[in-house]
Structure formats: C-alpha cells, structure tokens
Number of protein chains: 2
Amino acid sequence: MFRHSQLESVKAWLINPAHAAMPLHARIQRAIRQMILDGALGPGKPLPASRPLAKSLGVSRDTIEAAYAQLHAEGFIERRVGNGSFVAEMVGLKPVQRRSKRNSAPANQSPNLSNRGAAISMSGGVRELLLPRPFAQGVPDTRSFPLPLWERLERQVLKETGTHALLHGDPQGAESLRRAIADYVNLERGARASAERVLVLTSSQQALMLCASMLFDPGDRIFIEDPAYYGARKAFEAAGLDCVPVPVDRQGITVEPVLDDPRRAKAVFLTPSHQFPTGAALALDRRLALIDWAARHESWIIEDDYDSEFHYAGRPTACVQGLDLHDRTVYIGTFTKSLFPGLRIAYAVLPPQLVKPMTVGRTLLDGHTAFIAQLTLARFMEGGHFGAHVRTMRGLYADRLDTLANLVRRHLRDFVEPHVPVGGLQMPCMLTCDMSERAAIEAARRVGVELLGLSSLHAAGNGEAGFLMGFAAYSPLELESAVKRLGQSLKADHGT
Amino acid sequence: MFRHSQLESVKAWLINPAHAAMPLHARIQRAIRQMILDGALGPGKPLPASRPLAKSLGVSRDTIEAAYAQLHAEGFIERRVGNGSFVAEMVGLKPVQRRSKRNSAPANQSPNLSNRGAAISMSGGVRELLLPRPFAQGVPDTRSFPLPLWERLERQVLKETGTHALLHGDPQGAESLRRAIADYVNLERGARASAERVLVLTSSQQALMLCASMLFDPGDRIFIEDPAYYGARKAFEAAGLDCVPVPVDRQGITVEPVLDDPRRAKAVFLTPSHQFPTGAALALDRRLALIDWAARHESWIIEDDYDSEFHYAGRPTACVQGLDLHDRTVYIGTFTKSLFPGLRIAYAVLPPQLVKPMTVGRTLLDGHTAFIAQLTLARFMEGGHFGAHVRTMRGLYADRLDTLANLVRRHLRDFVEPHVPVGGLQMPCMLTCDMSERAAIEAARRVGVELLGLSSLHAAGNGEAGFLMGFAAYSPLELESAVKRLGQSLKADHGT
C-alpha cells in the first residue's frame, strides 16, 4: 500500500479544484505519474492493489483500473499477471531528474532567449490598448461599424461557399478580394495595381516583417523617417537591419541625406500620405527624387499608406507606387483603420518580380489569411459598402478633429500648440510650456488619459517635446471630458 | 492643344476596360500624369484649355476641370490665371526617369532578394492544395464540420460582445480561449498547462517561426527528426538555424546522437505523438532522456503535437510537456486539423519564463489573432462541441484508414506495403517494386492522384522509397476510385 504521504498526494490531486475538468481516473493517473517522475516512487516499487486503493480514496475499483491501464499504456508501470503492478525501469529517468522537485521556473527567471529574441523582448513589441480610451492613437471608431450588414454578407458567403470556405486558402489571398483591392487602390490612391500584384496579409506589421526578411539580410541598411512609426522601426530592428534615420520636415522626409549618402542602402521606408507622427504630406519632387534614387540603385521604397482613407481637405496625393514606373515600390495598406482592427486583413501591392517570392515567404510565416473574412470583405467592397463606410467615417473624424483642435485651443492653450493635420486619426501637439514631455504624459495618465510622447519616436530620443492625441475613436463628449481632465492635471502639475 | 498621339493616349485610358471602375475625370488625370512621368509632356509645356479638350474627348468641361484640379493638387501642373495650365518644373524628375518608358519588370526578372529571402523563395514554402484531392495529406474532412452550430455561436458572441469584438485583441489571446485550451490539453494530452501559459497564434507554422526567432540566433544548432516535417525544417532554415538531422526508428527519434553530441545544440524538435511522416510514437524512456538532456544543457524541446486528437488505438501517450518538470518544453497544438484550416488558430503552451517575451515577439509578427474567431472557438470548446466533433471525426477517420489500408493491400499489393499508423491523417506506404519513388509520384499525378514522396523528407534525400497517403478528407468512394486509378497507372508504367 502507499505510505500515508503518498496517499495524501493522490488525494490532493483528487480534490484540487484546478483539476475539476478531469475525470477521477485521470486525476489518479496523473498523481501517480507525478510521484514516479519526482522519484517518490522508484523503479520496481509495487503499486497498491486496486481494491484497497479504491477504498482508501473513496472511488470505484474501475476508476483505479482505468488509471493503472493508462499508466501501463504510457510505459510508467509494468503489470505482472497475478503479481500486481510495479513502477517500470525507465532508462531515461536519470538521478538528476529523480531528485528534482516539481518547481516551475518563475516567470521572471532568465528566459534564455537568443540575442535577437532578447532584443525583440526588450523592444516591448507593438501593443495596442484593448479598450481604447482618449487619446490612444491609431484606433478607428468601431461603434459606427455596420456589423449587421457585415454579418449578413458573411452568411451569404457561407451559404454560397459552404464548407469549401473552411479549407486552406490561396496564400496570395482570395482572387475576388485581390481584385477589389486593386480596383480600390487604383481609383482612390492612384496606384498601378492589378489583382496579380496584390498579396493579402494579416496586418501591415506582417507586411513590414515580410519585407524585412525577404529583402534584407542582417546588417543591411534602410533609411527610415525620423521621427518614425515605432512598429516599422521595431520590425526592421528585429530582422537585424541597420536603420538610418533621415530627418522629416514640413514636406515629409528630406531627400538630400538619402541621395548624398555614398553608402549603399537597400531601401527607404516612407509614410508619404501623412507622415507618422508629424502628419506632413511628402512633396511631389521628393517623391520623384526617391523613385529615381531607388531605380538607379536597385533599392526599394517601402510605402506604408496606413490611414490615407482619412484625408479631410480634398483628395490625398496619389501614392508613390503609382508614380513609380520602375517597379521599385512595395505599397502597404491595411483595413485595421478603415474598417476594424479585429478583422486582421492588410495587403501589399508588389512589383511583379516580388509576387512569387513574397507569397512563398508568407507561407512560412503563417500560411494564409482566414478565407471567410476575405470573401466577406470582397463582397463588402464590391457592394460599395467600403466606400460608403469610409465616406461616413471621414465626415465623422473630420468633425472630431475639429472638436479636438478647438478644445485644445480653449483648455490647453497655456501648455501646448496643436498642429492640426490634413488627415489621419491623430493630432500632434507641441509643448509650449516649460514642462517636460514625460511630466505631461504622467499628468495625463493620473487622470486616465493616454498620450504618446513624440520624443520616443525620434531616433536620438531628442525631438521637439510634444505628444500625439488620437481622436477618431472618441465621441465629442469623451473628447471634451478628457481634454478638461488633462487641462486640470497639467495645471495642478505646473502650479506646483 | 495635344498632339494627335497624345490625344490618342488619353483616349486609350478612357476606353481601357481595365479602368472601368474609375470615373472619367480620374482616367483623364491618370493619362496626363502618365505622359508627364514618361517625359512625353515636358516641364513648362502648356496643357490644352478645358473646353476644346472636353470636345475632342467627348466629355463635359467639368470632367476636364476635375482632372486638372487633381493634377494641380498633386503638384504636376501649375495654373496661371488667365493663362491656362502648364506642366510644373519638377526637381526630382531626372532625365533617367523621363527617358524611361512604362515597362513593368517582368515577373521572372531577378527579384533582387536578400540572401535569406532568396533561400526562402527557393525552399518553395509550405503550400497546401486549395481543393484537396486524394491523397493530399494533412487535410481534415471539412464536409462534416457543424457549420450551422458554429455560425450560431458566432452570432451569440457578436450579440453579447457587440462592436467591442472588433477592437484589438489581447496579443496573448482571449482569456476564455486560453482557459479552454489549457483545460483541454491537461485533460486530453496530459499537459501541465494553465491559461497564463497559453499563447494563441494563427497557425503552428507561426509558432515554429516565433520559436526560431526568439530562441535561436542564426547559426545556432537544432536537432530535428530525420525524416522531418518539411514545414518545421523550412521555418528553422529560414531563420538561419543549423538543422542537425537525427535518425528516427520505430520508437521515434533516436536519442544517442543527441546525448552523445559534444557540441551544444539549443533545442530538439519533436513530433512525439505520431512522428511525421513515419507515424512512430516516441518511447517513454526516450522522452525522459530528452527532457533530462534539455534540463542539463538549458536547451529547449519544441514539441509539435500536430494531430494527436486522432489516435485510433486507445488513448495517445501523454505529451512530453506534461512529463517535463523542468519547464524546457514549448508545446505546439493547432485547430487546423481538429477543426478546419480556414480557422487560423493554433497555440503554444509555454514555460512561464517565455510567456512575456514570446508574446512581445508575436506582436511584432502580426499583432494578434482575430478576436471573434477566438471567442467563438472558446464557446465551442466550453459547450463540449469540440470534444464531440473530435470523437465523431476520430471514428470516421479510423474507418477511412481501415478502408484505405484494405484498398492498398488489394489493388497495390504488387507495388507497395502499407505501414498502417496508430493515428494521424495519413498512411505511409513503402515501395516494394523496382519502381523509383519519382516514377510512382509521376504515375499518380497523371491520373489526378497526389502522393508526397518520403525521400524528400529525409535530410540527405535518400530514405527508403515510398510515399504518404492522406485519407481523412476523402470518402470511401473517393478513396476507392483513387486507389484503383493509381493501381492502373502504376501497372501501365511498370509494364512498359
């Protein structure tokens, strides 16, 4: 029979609420397995007969038999006819293991990452607020999304496609969606796209990672805007790229540092429609100069057109991809901001020679994007609902930007100057008082308000002090309340 | 006025069916932009007045005005009051660009990839048949999936969660799904999991890629099974790892090459439940020996438990993760085979110290997994539907395996010997005639039958000749028809 302490171990497994989902025989099997692994039951030791053990534990004999059968099937015990059950001799069960007690590594133990893994971990990654509150940036308003319409289209898709929709999808993306995307970017963004050149992805972050691994080797140089979108910089750094910051002014990225640098760079990363975070639109002559540079050096332009749907003063300038007759531009677009983040659909418009390799690379990353969502989105676009939704949201966001700018001018005038952008989902504000950026962000956090500091987006961390205020996801009342709270908190801080 | 050829260029844009989705003014704007970019309209050149151009093109004057307004907004033309419109001087428009004709790079042009990109491209990636036909392997039967039930649960989720479900999700995964997964792997796979240790991903391929980049630097060594799952090998090679093949026998991977190798390896990759492709279950003493090895060397065990739901002879052996008291095992599971490939949900059960870094790494790959699908799956599992579906499919697949084995014995006995596995969705067959593996695969392809050759899964490409036959997705009639066709084709080939 088991010793008292062994019986108690089994009983502890039986009554542990964490094991409530397990049948009794599984709990008993696991408890005995644990004792064998821990070394508490050594090789050759006999196990109790099933009848007395069943009695001690208050379970049926069948339960014990089921536990023993599984232990036997897994090789932990041997059963000798008429002689009972014994712990098996296990070659691999070395003393080091037998002595060790069950002690999970604590979560803060050195995780033994690779160098690149440690760098990625240190970067903090790209985290979004799960429940957006003012002024978390980059978040669209999902409360206005026509969810019933979307659900209806999805039902249609499932009805027509049936269980075929459950199978593996084309890693390049559903043909109907690629066609809808090509039509859209050609019409609205002045792109030169075709369905054959579109690669459907899960997010623009994935597009950046895919570019980083397919087009660059570790140590290769890439020009990036300074300040820059943190998600892009982190993706490139994670892939081992050497990011060379290039200053941005009111006309977007400056081109002299790119054109005059004698060292070869594989690419330049741009957010030309509204530079992130400054909001500047890249001037036409600079676009042409960068295209010319890329063509002459066989370098790439990675164009992240992340929220160009939301331009509030006329139409946005056509994208760089449409101006590039040399096929050096990878254009990246996403539905995260124009529809909703949970959709997980973005895309790249690729130079023809990159379509096949990038599609292959994508299969290694995660196979393909969910097919049902793709077909539903294609139908949403074909039916004109995408265009209609974007128009509605453009009006809503323009009003909210206007509201926020007025609120900031009224309530925060002693502290900041708003730089009202021509588009996008966030407004940069420059600190005009003698408060540090960090102090302002802290003051905001104390009253439940989120600000993204601009300094951290600069390569040297020393840009003009200020912050980004996201406005798209918040009602005028929410904006007003948050601006007032922020104003009071800044005042309190500044007064002391 | 435009020259005749210029007017014809604009007309060509107008009538090109590829531009049917664009309004007239956009087509005219694009046509003129193209001429400017091509150099056909040089800087300073006057544009026709809107009235005569409208007449020549047969459109309204407003259309021309709208086109000119957009060209002006984008910086391509200047408008002088009372003097008309002129092509702007564009600093960036260098002669090299002006001379170049619109010529897209052909798709087969050297794509100028990085070294790692070229290697990934050469690997061919991981492609699945879009419409599975016998005997494409690794595909579950989706025709039996309870889609109406799934749709009902999704409607419930959307009704209860509303547009919140459209927002960014927790990059670690929805808490309810992580709890359901932990309960499932603890009960069914003998794992030691908790919701805090589960990371929800998009596919097991993504899990492999994430491990490869977070746990390894380029050049680090990893032991992999030989023969091995191609998706794992390609993921590791794409990340620059040095894959060291270790022979597999009837008890799974042999452990002496691992234990006796004096050089440090960061990890071993295992498919212990049914080794891919041999179907062997890894013996208990080897599992314990590998755990001991990993603990002593602070190495990792990457356990891909890709289809252990489908075990046809009693319960499968508990997973390695559950035996590992040292927290050195990353357990990978997927719903691609147990539910359906289009779902795009898989998961890893992580050692506690890896949860935070791996979650950060995942945000850089693609943010997070679609939230609505996660919540629907959680409900599907909580309601017991997952267990029920797996049980149903297990019975169905066991019958199909039986059917296939009998068909092969009857119709292909002159050519192959089936190795009937204890589980999984595919059956290995060894060639027993003097036909080459390549010839057999070609003979199959000629009659619309897919076979995956076993040689290619061996590191040296020289394993025993044979192939894998997937059976799960095909009805008995489909299996019979395909086996007969294959038999006739092999006979015809062999006879000649």
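To be clear, the structure that these remarks concern was listed above.
Our subject in this report is the structure included herewith. (Residues numbered from 1 in each chain as written. Chains lettered and ligands numbered in written order. Predicted model: local features only at pLDDT ≥ 70, side-chain atom pairs only at ≥ 80, totals over all residues. Heavy atoms only, no water.)

Regarding the sheet that holds strand E14 (residues 466-470) of chain B
All names here are of chain B. Put simply, the test is: Any two strands with at least two DSSP-identified bridges between them are counted as paired. For the purposes of this entry, the term helix denotes a DSSP run of H or I that reaches at least four residues, the term strand denotes a run of E that reaches at least two, and both are numbered from the N terminus.
Taken in spatial order, the four strands make up an open sheet running E11-E12-E14-E13, and their pairing is antiparallel. The two strands at the open ends of the sheet, each matched to only one other strand, are strand E11 (416-418) and strand E13 (452-453). As paired strands, E11 and strand E12 (residues 426-431) are joined by three bridges and run antiparallel to one another. What sits directly across from Val 416, in E12, is Leu 431.

Side note on the state of the cysteines
Residues and elements named next belong to chain A. Going by this rule: Any cysteine sulfur atom paired with another within 2.5 Å is treated as part of a disulfide. The buried label goes to any residue with under 20% of its type's maximum accessible area, the exposed label to any with over 50%, and the partly exposed label to all in between, with areas taken from a 1.4 Å probe on protein chains only.
One pass over the structure, following the stated rule, counts zero disulfides over all chains. Looking at the unpaired Cys 429, the closest cysteine sulfur is the one in Cys 433, lying at 12 Å. For Cys 429, a relative accessible area of 0% translates into the label buried.

Brief notes about the sheet that holds strand E13 (residues 452-453) of chain A
Pairing between sheet strands relies on hydrogen bonds along the backbone, with the strands arranged either parallel or antiparallel. Across the sheet, which stays open at both edges, the four strands sit in the order E11-E12-E14-E13 (chain A) with antiparallel pairing between neighbours. In this open sheet, the two edge strands, each paired with only one partner strand, are strand E11 (416-418) and E13 of chain A.

Points about the environment of Arg287(B)
Residue and element names in this part refer to chain B. Quick note on the threshold: Working rule for contacts: check all heavy atoms of both residues, and any pair within 4.5 Å makes them a contact.
Relative to the helices and strands, Arg 287 resides in helix H12 (residues 284-297). Residues Arg 287 and Ser 110, spaced 177 residues apart in sequence, show a C-alpha to C-alpha distance of 46 Å. Not counting chain neighbours up to four residues away, the residues in contact with Arg 287 comprise Pro 272, Ser 273, Leu 282, Thr 317, Ala 318, Cys 319, Val 320 and Leu 323.

A few points about the side chain of Lys266(A)
Cut-off, in case you're wondering: Counting of polar contacts relies on pairs of N or O atoms within 3.5 Å, with two restrictions inside protein: one atom must be capable of donating a hydrogen and the other of accepting it, and residues adjacent in sequence are counted only when both atoms are side-chain atoms.
The topology assignment puts Lys266(A) in the loop between helix H11 (256-260) and strand E7 (267-270). Among the polar contacts made by the side chain of Lys266(A), one reaches the main-chain carbonyl oxygen of Leu215(A) at a distance of 3.4 Å. If near-sequence neighbours (up to four positions away) are discounted, Lys266(A) is found in contact with Leu215(A), Phe216(A), Asp217(A), Asp220(A), Arg221(A), Ser299(A), Trp300(A) and Ser114(B).

Details of the side chain of Ser203(B)
Checked against the element boundaries, Ser203(B) lands in the loop between strand E3 (198-201) and helix H9 (204-215). According to the relative accessible area criterion, Ser203(B) is buried, its value standing at 5%. If near-sequence neighbours (up to four positions away) are discounted, Ser203(B) is found in contact with Asp366(A), Arg344(B) and Ala346(B).

Topic: helix H8 (residues 175-189) of chain A
What counts here: To estimate how far a helix should extend, the number of its residues minus one is multiplied by 1.5 Å.
If you check H8(A), its first and last C-alpha atoms are 20 Å apart, about what 15 residues at 1.5 Å a residue would give, namely 21 Å. Taken together, the buried positions of H8(A) are occupied by Ser176(A), Leu177(A), Arg178(A), Ala180(A), Ile181(A), Ala182(A), Tyr184(A), Val185(A), Asn186(A) and Arg189(A). Lining the buried residues of H8(A) we find strand E3 (198-201), strand E9 (329-334), strand E10 (346-349), helix H15 (371-382) and helix H16 (385-411) of chain A together with helix H2 (24-38) of chain B. Of the residues trailing H8(A), Gly190(A) is marked for its positive phi of about 60°.

Structural notes on the packing of helix H9 (residues 204-215) of chain A against helix H14 (residues 352-366) of chain A
Residues and elements named next belong to chain A. Definition in use: For helices, the fitted line uses only the C-alpha atoms of the stretch in contact; every axis is such a line through C-alpha atoms, and the angle between N-to-C directions lies from 0 to 180 degrees. Any angle that is under 35 degrees is reported as roughly parallel, and any over 145 degrees as roughly antiparallel; angles of 65 to 115 degrees are reported as roughly perpendicular and all others as oblique. For any pair of crossing helices, the crossing counts as left-handed if the nearer helix is rotated counterclockwise from the farther one by less than a right angle, and right-handed if it is rotated clockwise. Under the convention adopted here, Pro, Cys and the residues Ala, Val, Leu, Ile, Met, Phe, Trp and Tyr are nonpolar, Asp, Glu, Lys and Arg are charged, and Gly plus all remaining residues are polar.
Taken N-terminus to C-terminus, the directions of H9 and H14 make an angle of 115°; their axes are 10 Å apart at the nearest point. Taken together, H9 and H14 sit at an angle that is classed as roughly perpendicular. The interaxial crossing formed by H9 with H14 has right-handed handedness. Seen from H9, the contacting residues are Gln 206, Leu 210, Cys 211, Met 214 and Leu 215; seen from H14, they are Leu 354, Pro 357, Met 358, Gly 361, Arg 362, Leu 365 and Asp 366. Looking at the contact of H9 with H14, its residues break down into eight nonpolar, two polar and two charged.

Examining the packing of aromatic side chains
We apply this condition: Only the six-membered ring of Trp is used, alongside the rings of Phe and Tyr, when aromatic pairs are assigned; centres must lie within 6.5 Å, and planes under 30 degrees apart are stacked while those over 60 apart are edge-to-face, with the rest tilted. Cation placement over rings: the criterion is NZ of Lys or CZ of Arg within 6 Å of the ring centroid and within 35° of the ring normal.
Applying the stated criterion to the full structure yields 32 aromatic pairs over all chains. Ring centres of Tyr229(B) and Phe276(B) lie 5.3 Å apart, and the angle between their planes is 80°; this geometry places the pair in the edge-to-face category. Of the two residues, Tyr229(B) sits in the loop between strand E4 (221-226) and helix H10 (230-238) while Phe276(B) sits in the loop between strand E7 (267-270) and H12, which places them 47 residues apart along the sequence. Note on accessibility: Tyr229(B) and Phe276(B) belong to one class, buried. Here the aromatic cluster, defined as three or more aromatic residues joined through ring pairs, consists of Tyr184(A), Tyr331(A), Phe335(A), Tyr347(A) and Phe386(A). Positioned above the aromatic ring of Trp300(B) is the side chain of Arg328(B), whose terminal nitrogen or guanidinium carbon lies 4.0 Å from the ring centre.

Some details on the relation of the copies chain A and chain B
Here the two chain copies are tied together by a rotation about an axis and a shift along that axis. The condition that has to hold: The atoms used to superpose the copies are C-alpha atoms, taken from residues with pLDDT of at least 70 in both, and the fit is least squares.
The transform that puts chain A on chain B rotates by 180° and translates by 0.0 Å along the axis, for an RMSD of 0.1 Å. In short, the pair behaves as if placed about a two-fold rotation axis. In terms of proximity to the rotation axis, the leading residue of chain A is Leu365(A), whose C-alpha is 4.1 Å off the axis. A high fraction, 100%, of the interface residues of chain A reappear at the interface in chain B, so the copies pair face to face through one surface.

A look at helix H14 (residues 352-366) of chain B
The first and last C-alpha atoms of H14(B) sit 22 Å apart over 15 residues, in line with the 21 Å expected at 1.5 Å per residue. The buried count for H14(B) comes to 14 of 15 residues, which makes it a mostly enclosed element.

Focus on the interface of chain A and chain B
The criterion, for reference: Note on definitions: buried area is the accessible-area loss of two parts on being combined, 1.4 Å probe, summed for both. The term salt bridge refers to a pairing of a side-chain nitrogen on Lys or Arg with a carboxyl oxygen on Asp or Glu at a separation within 4 Å.
Each partner contributes residues to the interface: chain A has 130 residues there, and chain B has 131 residues. For the pair chain A and chain B, the summed buried surface comes to about 10,800 Å²; carbon and sulfur atoms form 59% of the total. A per-residue breakdown of the area chain A buries against chain B is headed by Arg116(A), His168(A) and Leu364(A), which together make up 8% of the total. Summed over the shared surface of chain A and chain B, the result is zero salt bridges. Where chain A touches chain B, the interface holds 42 residue pairs in polar contact (both at pLDDT 80 or more). Tallying contributions element by element places H14(A) first for the side of chain A that touches chain B, with 11 residues. Considering only residue class, the side of chain A that touches chain B consists of 58 nonpolar, 43 polar and 29 charged.

With respect to the pattern of salt bridges
Taken as a whole, this structure holds 42 salt bridges over all chains when the rule is applied. Where Arg362(A) meets Asp366(A), a salt bridge forms, and the shortest distance between an N and an O atom there is 2.8 Å. Note that Arg362(A) and Asp366(A) are positioned in helix H14 at a spacing of four residues, about one turn of the helix. The class for Arg362(A) is buried, based on a relative accessible area of 0%. The salt bridge involving Asp170(B) is made with Arg178(B); its shortest N-O contact spans 3.6 Å. Pair check on accessibility: Asp170(B) and Arg178(B) agree, each one buried. One network of salt bridges, in which partners are shared, links Arg192(A), Arg197(A) and Asp327(A).

Notes on the pairing of strand E2 (residues 84-87) of chain A
Across a regular strand the side chains alternate sides, sitting on one face of the sheet and then on the other. Residues and elements named next belong to chain A. The sheet contact formed by strand E1 (residues 77-80) and E2 spans four bridges and is antiparallel. Opposite Ile 77, over in E2, you have Val 87 as the bridge partner. The turn joining E1 and E2, which pair antiparallel and follow one another in sequence, is formed by three residues; a positive phi near 75° is taken by Gly 82.

Quick word on the pairing of E7(A)
Residue and element names in this part refer to chain A. Cut-off, in case you're wondering: With its strands directed away from the observer, a crossover is right-handed exactly when the path from the first strand over the helix to the second travels clockwise.
Covered by surrounding structure in E7 are Ala 267 and Phe 269 together with Val 268 and Leu 270, the residues of both alternating faces. Summarising the sheet, strand E4 (residues 221-226) and E7 pair through three bridges and their orientation is parallel. Looking at the pairing, Phe 223 lines up with Val 268 of E7. Examined bridge by bridge, E7 and strand E8 (residues 300-304) share four bridges and lie parallel to one another. In the strand pairing of E8, Phe 269 is matched with Ile 302. Each parallel crossover has a hand, and for E7 linked through helix H12 (residues 284-297) to E8 it is right-handed.

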